[in-house]
Amino acid sequence: MNISEEIKRLHELHLAGALSDAEFAQAKAKLLSNINLDKPDSTSGADAAAGPANDLVQEFNRLRRSRNDRWLGGVCGGLGRASGMEAWIWRLVFVLFTLTFGFGVVIYLLLWIFVPDEEIGITKHEY
């Protein structure tokens, strides 16, 4: 049973008087809090990709600019720490993308702006 069917069933029980307002709100909140913990019901090939994609999103959310391994903004040091690769490899990648495609600097600047700093955990534009 998917989430929308569960909520519909809870709503019907609430309308029938089987659940009070507080019980309905509590059950709905519990159901909605478990959305990210449950795996999808279908058995399609998309389920297999959901796990690694979710891991990638979690790793990206933990990405921080390095305070110790930085030349400019600490982006490459943070990427190196998050990916397990050396920071000089990331620096080389950004230089190659800049020289060949021209957008390496743009990506670096965007990461510098939007990736929070390692120690304080805020971006440069938050005060």
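Residues numbered from 1 in each chain as written. Predicted model: local features only at pLDDT ≥ 70, side-chain atom pairs only at ≥ 80, totals over all residues. Heavy atoms only, no water.

## So, the packing of aromatic side chains
Selection criterion: Pairing of aromatic rings covers Phe, Tyr and Trp, the last counted by its six-membered ring, and requires centre-to-centre distances within 6.5 Å; plane angles under 30 degrees mean stacked, over 60 mean edge-to-face, and any other angle means tilted. Under the scheme used here, helices are H or I runs from DSSP no shorter than 4 residues and strands are E runs no shorter than 2 residues, and both carry numbers assigned from the N terminus. Note on classification: 1.4 Å probe, protein chains only; a residue is buried when its accessible area is under 20% of the maximum for its type, exposed when over 50%, partly exposed between these limits.
One pass over the full model with this rule turns up five aromatic pairs. When the ring of F94 is compared with that of Y108, the centres are 5.4 Å apart and the planes differ by 85 degrees; the resulting orientation is edge-to-face. Taken together, the positions of F94 in helix α5 (residues 87–100) and Y108 in helix α6 (residues 104–114) put the pair 14 residues apart, joining distant regions of the chain. On the numbers, 6.0 Å between centres and 75 degrees between planes, the contact of Y108 with W112 is edge-to-face. Taken together, the residues span about one helical turn, with Y108 and W112 both in helix α6 at a distance of four residues. Given a relative accessible area of 22%, W112 falls into the partly exposed group. Aromatic ring contacts, followed pair by pair, group F94, Y108 and W112 into a single cluster.

## As for the pattern of salt bridges
Applicable threshold: Any carboxyl oxygen of Asp or Glu that lies within 4 Å of a side-chain nitrogen of Lys or Arg is treated as forming a salt bridge with it.
Summed over the entire model, instances satisfying the criterion amount to two salt bridges. E6 is the partner of R9 in a salt bridge, and the nearest nitrogen-oxygen pair spans 3.1 Å. A residue pair is termed a helical-turn pair when its members lie 3 or 4 positions apart in one helix, as R9 and E6 do in helix α1 (residues 3–16) at three residues. Accessibility expressed as a relative area gives 38% for R9, which makes it partly exposed.

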